[in-house]
Amino acid sequence: MSSLSALPEDARPQALRADAETHAAKLPPLLARAEHLAGAVLLGDHGRRRAGMGDNFWQYRPAQPGDSRRMIDHRRSAMGDTEFVREREWQIAQSVMLWVDQGASMRFSSQADLPQKADRARLLTLAAAILLVRGGERVGLSGTTLPPRRGNMQILRLAEKFTEDAAEDYAPPEHRAMIPSARALFVSDFLGDVSEVKLALTKAADRGVRGVLLQVLDPSEEQFPFKGRTIFESVGGTLRHETLKANDLRDRYLERLAERKAELQSLCALTGWQFGQHHTDHSAQSALLWLYGAIDGGGLR
């Protein structure tokens, strides 16, 4: 049951408006900062414009939410009850699918002067999307909610989606409707169930999708600066652990973290993806430079 349905009927419109205004207020700052960050990264022309990548037919696929009516192939759709879109080779080659972890664990910051992991992840992903669109690429979300498209309106749609929060502590990567031979960018702290990441990258590899896995961490998650009596509680409130000797946990924690990083690096090597890391106390601009270069080059084409 949603929080709105639990309210008296006469109070729902006010609550809905307040919720909408809260989400809308996040949009302009995120979009403005992403535009500014993208503008600060001076890069050459981008986009896959190679000989042989033309208007050759690639495949039919079922129409998805967000597809334009003009994309529907009516002759193929007339053969059954499902509407189909006719995709060309160049459209596939220039598609980049994005996934940003919206889980509660991403809404963590160890210090007031540091951004939350979610804020930095959304900023970097949206700025990368802006650069890709400017270079002629199509960008969208992995899954079926927002298929890859071009244009400033698509950037606005992405910014809107990035302001949504998930309820669970660790949100699993979205791996549905992977476009064959496209590229992808997944951004998360990747501290949740690693089997979900394995499933997503395995399915991507099976469809010829290669991409970049960017792990975003708070500096305290790397250093484990806790001592004495400490209460560890997940941002979502589902996990809680109290200890009198936090420093005794440090070595074991750092070992587990190192194992997780090694596992992610190995998984990326096996599936043809690139693995990168970013800490929220480091420069967003340098992270975007690396990220954009990894998507554009690095063997992903």
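Structural data are supplied above this passage.
Residues numbered from 1 in each chain as written. Predicted model: local features only at pLDDT ≥ 70, side-chain atom pairs only at ≥ 80, totals over all residues. Heavy atoms only, no water.

> Explain the packing of helix H4 (residues 117-134) against helix H5 (residues 152-162) here, please?
Any two packed helices are characterised by the angle at which their axes cross and by the distance between the axes. Running from N to C, H4 and H5 point in directions that differ by 170°, and their axes come no closer than 10 Å. When the interaxial angle is binned, H4 and H5 end up roughly antiparallel. Mapping the contact onto sequence places Arg122, Thr125, Leu126, Ala129, Ile130 and Val133 in H4 and Ile155, Leu158, Ala159 and Phe162 in H5. Residue classes in the contact of H4 with H5 are distributed as 8 nonpolar, 1 polar and 1 charged. (Axes fitted to C-alpha atoms, helices over the stretch in contact; angles between N-to-C directions. Helix = DSSP H or I, 4+ residues; strand = E, 2+ residues; numbered from the N terminus. Parallel < 35°, antiparallel > 145°, perpendicular 65-115°, else oblique. Contact = heavy atoms within 4.5 Å. Nonpolar A, V, L, I, M, F, W, Y, C, P; charged D, E, K, R; others polar.)

> Even after reading the chapter, I still don't get the pattern of salt bridges, so can you show me in this structure?
Once their charged atoms are close, side chains differing in charge can pair, the charge on each being opposite to the other. Scanning the entire structure with this criterion turns up 10 salt bridges. Note that Arg176 is salt-bridged to Glu174, the shortest N-O span being 2.8 Å. Judged by its relative accessible area of 45%, Arg176 falls in the partly exposed class. A single salt-bridge network, built from bridges that share partners, covers Arg107, Arg122 and Asp165. (Salt bridge = Lys/Arg side-chain N within 4 Å of Asp/Glu carboxyl O. Buried < 20%, exposed > 50% of the residue type's maximum accessible area, 1.4 Å probe, protein only.)

> Even after reading the chapter, I still don't get the nonpolar core, so can you show me in this structure?
Where a protein is soluble and globular, its nonpolar side chains tend to be buried together. Grouped together as the largest cluster of nonpolar side chains are 40 residues, with contacts concentrated most on Leu98, Leu124, Leu126, Leu158, Phe162, Leu288 and Leu291. Mapped onto this core, the elements with two or more residues apiece are helix H1 (12-40), strand E3 (95-100), H4, strand E4 (138-141), H5, strand E5 (183-188), strand E6 (210-217) and helix H9 (284-296). Of all the elements, H4 adds the most residues to this core, at 12 residues. In this view, Leu288 contacts Leu37, Ala38, Val41, Leu124, Ala127, Ala128 and Leu131; residues no more than four positions away in its chain are not counted. Ala182, Val209, Leu264 and Trp273 belong to the second largest nonpolar core, which has 20 residues in total. (Core = buried A, V, L, I, M, F, W, Y, C linked by side-chain atoms within 4.5 Å.)

> Can you walk me through the packing of aromatic side chains in this structure?
Aromatic rings considered in pairs are described by the distance between their centres and by the relative angle of their planes. In the structure shown here, the tally under the stated rule is 3 aromatic pairs. Plain terms: the ring middles of Trp99 and Phe186 are 5.6 Å apart, the flat faces sit at 70° to each other, and that makes the pair edge-to-face. Placement of the pair is Trp99 in strand E3 and Phe186 in strand E5, with a sequence separation of 87 residues. Here the two residues Trp99 and Phe186 agree in accessibility, since each one is buried. With a centroid separation of 6.4 Å and an interplanar angle of 50°, the aromatic rings of Trp99 and Phe190 are classed as tilted. Here Trp99 is found in strand E3, whereas its partner Phe190 is found in the loop between E5 and helix H6 (194-206), with 91 residues between them in sequence. For the pair Trp99 and Phe190, one class covers both residues: buried. One aromatic cluster in this structure is built from Trp99, Phe186, Phe190 and Trp273. (Phe/Tyr/Trp six-rings, centres within 6.5 Å; stacked < 30°, edge-to-face > 60°.)

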